[in-house]
Amino acid sequence: MTDAAPAAAQLYNRKNPFFAELVRHERLTKAGTEKDTRHFVLSLAGNGPRYTPGDSLAVFARNPSALVEETLSLLGLDPESPVKNPKGRTVSFRHALTHDYILNRATKKIMSGLAELIPQGEQRNRLMEIADNGEVLSEYVHTRDYVDILKEFDEAQFESPEAFLQQLSPIPPRLYSVASSLAAHPEEVHLCVSVVRYETHGRKKTGLCSGFLADLAPMNVKEIPVYVQESRHFRLPSDPARDIIMVGPGTGIAPFRAFVEQRALDGGTGRNWLFFGEQHRATDFFYEDEFAAFQKRGVLTRFDTAFSRDQAQKIYVQHRLKENANELWEWLQAGAYFYVCGDAHRMAKDVHQALVDIARGQGAITPEAASEYVNVTLMKTEKRYLRDVY
C-alpha cells in the first residue's frame, strides 16, 4: 500500500470492513455472447482503504431475498427468531440467512444432519445411499443448493433455526484482483468480474458475490463491506525502467489494466507487453478502446490477443507466447518481469509449460535446464516470474 495512505484507512480488515458504494457498473461483453463480464466502480471516499496495483479487494456478499424466503418457506421456522451469527451478534434468523451464511452451495454436512431428522422409509434410504458413498455425495452436493435438497428430502423437520444454521458455512469474503490504479482513479477501486449464471435441477442460479454485485448491490449507497487484501509479491518492478510481460486472459486482465495505468503515470522507460485472450473479438474484447489508446500513446509497446473461437483451430495465449518465442526470450534475457493472472487449473499450467518450452528452444538447453531456469531462477532466485492465479 502507498506510504501516503492515512493510518485509519489501513485499519479495515475482515473483522472491520469499510462500507463502499457502487457508483458505476457497465457490461464489458457485448450482445451475442453467453458470457456476462462486467466492470464495477466502487467509491472509497470517506477515508476508505488504499491499495497498490497487484492487490485484491475483498467483498462480502449477501444472498438474494428470493433464495432466503424460499429457504425459510421450506424450513417452516420463524424467520424472526433471534439467533447468534458467526460474529456472536444476535440477529434474526432471516438476517443471518441473508448476510451470514452460504445458501447457494450446499455442503456435505447437511446430508448427515438430515439423516438424523428423516424417519425410516424411502427418503431416508435414498439419503443414506448418497451419504454413504463419498464420490456420489460430492457429485450430489456440487450442483445443489439447500432449496434443492430441502425439496427432495421434505420429510426432514429442523427443530430450531440454530439446528439448521449448524449445517451451514459462513459467507467468506470474495477476493477480486483490483483493476485500477488509485493514482489514476482517486478514491475509487475498479473490478472486472465474470458474473456466474447457470441452471441446475430446474432452477436458475447465480454466483454468490458476482450475482450480488450484478443484481443486488444498490447504486450510490454505502453498504458494500470491503477491505484490501495486500499482495506481498504480485507487484510492479520497483525500477520503472524494467520491462514487463503480462499474460491475462479473461478477467485475468484486471491487474494488468491497473499495471498499465500505473506505468503510464510513472512515465518510466520500461517496455510493456500485454497478452489477452477470450472467446470472440467482437463480443469479448474487454477494455479494447483503453488498451488501443495506451498502445497509440506508446505506453503499451506490444499488445497480442488470442480469440479462441474466431477460427476453426482454437488459439490461446500460450500459443501467442510460442509464436513470439524469439522476442519474448530476448525480453527475459534483458531482465523483463513475467506476470500471469487467471485460471490456475488450465491456463496458468499451459502458460508455464509454454515458458519452459521457450526457454528450452531459445536457450538451446536441456529440458531439465529449462525447467530449472523457469522454476528456480526466474520464480525463486530472481523473482521475475510472478503469478496471481485462482
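Since this is a predicted model, take the numbers as computed values, not measurements.

Enquirer: Lay out the packing of aromatic side chains in plain terms, naming residues and giving numbers.
Expert: Applying the stated criterion to the full structure yields 22 aromatic pairs. Ring centres of Phe256 and Phe259 lie 5.7 Å apart, and the angle between their planes is 75°; this geometry places the pair in the edge-to-face category. Of this pair, Phe256 and Phe259 both sit in helix α9 (residues 254–266), separated by 3 residues, roughly a single helical turn. The residues Phe256 and Phe259 share a single accessibility class, namely buried. In this structure an aromatic cluster arises from ring pairing among Phe276, Phe285, Phe286, Tyr287, Phe291, Phe303 and Phe307. Taking NZ or CZ as reference, Lys87 lies 6.0 Å from the ring centre of Phe60, over its face. Over the ring of Trp331 we find Arg271, and its NZ or CZ is 4.1 Å from the ring centre.

Enquirer: Describe in detail the sheet that holds strand β6 (residues 174–177), supporting the description with residues and values.
Expert: The strand order across the open sheet formed by 6 strands is β6-β3-β10-β1-β2-β7, and the pairing between neighbours is antiparallel. Only two strands of the sheet have a single neighbouring strand rather than two, namely β6 and β7 (188–194). When strand polarity is set aside, the average angle formed by the axes of neighbouring strands in this sheet is 40°. Note that strand β2 (residues 37–43) and β7 share 7 bridges and pair antiparallel.

Enquirer: How would you explain the side chain of Asn63 if you had to name every residue and give the values?
Expert: Relative to the helices and strands, Asn63 is located in the loop between β3 (56–59) and α1 (65–75). Setting aside residues up to four positions removed in sequence, Asn63 forms contacts with Val68, Leu97, Thr98, Tyr101, Leu103, Ile171, Leu208 and Leu216.

Enquirer: Please set out the state of the cysteines residue by residue, giving values where relevant.
Expert: Per the stated rule, a full pass over the model turns up 0 disulfides. Of all cysteine sulfurs, the one in Cys341 lies closest to Cys192, which takes part in no disulfide; the gap is 9.6 Å. Residue Cys192 is classed as buried on the basis of its relative accessible area of 5%. Free of any disulfide, Cys209 has its nearest neighbouring cysteine sulfur in Cys192, separated by 14 Å. Accessibility expressed as a relative area gives 6% for Cys209, which makes it buried.

Enquirer: Describe the sheet that holds strand β13 (residues 302–307), with residues and values.
Expert: Read from one edge to the other, the open sheet built from 5 strands follows the order β13-β12-β11-β14-β15, with strand pairing classed as parallel. In this open sheet, the two strands that pair with only one neighbour each are β13 and β15 (385–389). Ignoring strand direction, the axes of neighbouring strands in this sheet form an average angle of 10°. Relative to strand β14 (residues 337–342), strand β11 (residues 244–247) runs parallel, the two being bridged by 4 bridges. Counterpart to Ile245 in the pairing with β14 is Phe338. In the packing of α9 onto the sheet, contacts are made with β11, β12 (272–278) and β14, and the angle to β11 comes to roughly 155°.

What counts and what doesn't
- Residues numbered from 1 in each chain as written.
- Predicted model: local features only at pLDDT ≥ 70, side-chain atom pairs only at ≥ 80, totals over all residues.
- Heavy atoms only, no water.
- Phe/Tyr/Trp six-rings, centres within 6.5 Å; stacked < 30°, edge-to-face > 60°.
- Helix = DSSP H or I, 4+ residues; strand = E, 2+ residues; numbered from the N terminus.
- Buried < 20%, exposed > 50% of the residue type's maximum accessible area, 1.4 Å probe, protein only.
- Lys NZ or Arg CZ within 6 Å of the ring centre and 35° of its normal.
- Pairing = 2+ DSSP bridges.
- Axes fitted to C-alpha atoms, helices over the stretch in contact; angles between N-to-C directions.
- Contact = heavy atoms within 4.5 Å.
- Disulfide = S-S within 2.5 Å.

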